[in-house]
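The primary structure of each chain is shown beneath.
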Amino acid sequence: TLNPFLPLLGVIIGSFLPIVGGIFLRKMGAKEERHKLLREKLEELCLQLYELDKWVSNAGRIAVSLAAGKISSTKGTPVEDSPIVQIDMLIRFYFHSLRSYSEPLSAAVENFRKALFSFFADVLEGKQKPGDTRYLDLIGTPAQEIEKLRLQLLKELEKEVRKYI
């Protein structure tokens, strides 16, 4: 004899399967969306790191031009628009594991900016004469530190990217 509740059990199980399946698919979709977002943020972070390299190079060219007397002012130059704020924000919001790389990079950028503005002030106040390039070492050392830290962070980004591909 068949248990009269057996067909009811089949209906109950049959009604729960779509619910469980829907929950599972929703979680999988959310995970894929998060991975897509993180891939996009990694790309943005990588682009900002390349922008940082361009920013340092441009600032260095401006300093050399100023030291050589080719320009007489830093007005209108992009020396203040460092992408380090975007880099720091992306790491703080999305990639906490990279903080140990971004904090020294932020400090190096700040040291570079201080050296750069000090150099600019000295040139503009006449403390440094056109053609005297010894002050450029004050800028070159922090610039080299930025490049070293930037490359380390890019190397770590390569590892992060592999998680989301």
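Up top is the structure these notes are about.
Being a predicted model, the structure only gives us computed values, none of them experimental.

Student: If you had to explain the packing of aromatic side chains to someone new, which residues and values would you point to?
Tutor: Summed over the entire model, instances satisfying the criterion amount to three aromatic pairs. Measuring from ring centre to ring centre gives 6.5 Å for Phe93 and Tyr94, while their planes differ by 75 degrees; the resulting arrangement is edge-to-face. Residue classification places Tyr94 among the partly exposed residues on the basis of a relative accessible area of 24%.

Student: An account of helix α3 (residues 99-124) is needed here, citing residue identities and associated values.
Tutor: Here α3 contains 26 residues, and its C-alpha end-to-end distance of 37 Å stays within 8% of the 38 Å for a straight helix at 1.5 Å per residue. For α3, the complete set of buried residues consists of Ser102, Leu105, Ala108, Val109, Phe112, Ala115, Leu116, Phe119, Phe120, Asp122 and Val123. Looking one or two residues past α3, Gly126 carries a phi angle of roughly 85 degrees, positive in sign.

Student: So what's going on with the packing of helix α2 (residues 84-94) against α3? Residues and values would help.
Tutor: Interhelical geometry of α2 versus α3 gives an angle of 160 degrees and a closest axis separation of 10 Å. Between α2 and α3, the crossing angle belongs to the class labelled roughly antiparallel. Seen along the crossing, α2 lies across α3 with a hand that is left-handed. Residue-level contacts link Ile84, Asp88, Ile91 and Arg92 of α2 to Arg99, Ser102, Leu105, Ser106 and Val109 of α3. Each residue belonging to the contact of α2 with α3 can be placed in one class, and the counts come to four nonpolar, two polar and three charged.

Student: Quick one: what's the story with the pattern of salt bridges, residue by residue and with numbers?
Tutor: In the structure shown here, the tally under the stated rule is eight salt bridges. Salt-bridge contacts for Lys41 lead to Glu44; the nearest nitrogen and oxygen are separated by 3.6 Å. Of this pair, Lys41 and Glu44 both sit in helix α1 (residues 6-67), three residues apart, roughly one helical turn. For Lys41, a relative accessible area of 18% gives the class buried. When its relative accessible area of 31% is taken as the criterion, Glu44 is described as partly exposed.

Student: If you had to explain the environment of His96 to someone new, which residues and values would you point to?
Tutor: Of note, His96 is situated in the loop between α2 and α3. Within the local environment of His96, its side chain forms a polar contact with the backbone oxygen of Arg92, the two atoms lying 3.2 Å apart.

Student: Help me get a handle on the nonpolar core, residues and values and all.
Tutor: If you look at the biggest cluster of nonpolar residues, it comprises 34 residues, and the most contacted ones within it are Leu45, Leu52, Ile87, Leu105, Phe112 and Ile146. Elements represented by at least two residues in this core include exactly α1, α2, α3 and α4 (136-163). The element that contributes the greatest number of residues to this core is α1, accounting for twelve residues. With residues near it in sequence (within four places) discarded, Ile146 still touches Leu52, Val56, Leu105, Ala108, Val109 and Phe112.

Student: Pulling in residues and values, what's your account of the environment of Leu105?
Tutor: Assignment of secondary structure puts Leu105 in helix α3. Residue classification places Leu105 among the buried positions, given a relative accessible area of 0%. Between the C-alpha atom of Leu105 and that of Leu153, which follows or precedes it by 48 residues, the distance is 8.7 Å. The contacts of Leu105, once residues within four sequence positions are left out, are Leu49, Leu52, Ile84, Ile146, Leu149, Arg150 and Leu153.

Scoring rules and cut-offs
Residues numbered from 1 in each chain as written. Predicted model: local features only at pLDDT ≥ 70, side-chain atom pairs only at ≥ 80, totals over all residues. Heavy atoms only, no water. Phe/Tyr/Trp six-rings, centres within 6.5 Å; stacked < 30°, edge-to-face > 60°. Buried < 20%, exposed > 50% of the residue type's maximum accessible area, 1.4 Å probe, protein only. Helix = DSSP H or I, 4+ residues; strand = E, 2+ residues; numbered from the N terminus. Expected span 1.5 Å × (residues − 1). Axes fitted to C-alpha atoms, helices over the stretch in contact; angles between N-to-C directions. Parallel < 35°, antiparallel > 145°, perpendicular 65-115°, else oblique. Left-handed = near helix turned anticlockwise from the far one by under 90°. Contact = heavy atoms within 4.5 Å. Nonpolar A, V, L, I, M, F, W, Y, C, P; charged D, E, K, R; others polar. Salt bridge = Lys/Arg side-chain N within 4 Å of Asp/Glu carboxyl O. Polar contact = N/O pair within 3.5 Å; in protein donor to acceptor, adjacent residues only side chain to side chain. Core = buried A, V, L, I, M, F, W, Y, C linked by side-chain atoms within 4.5 Å.

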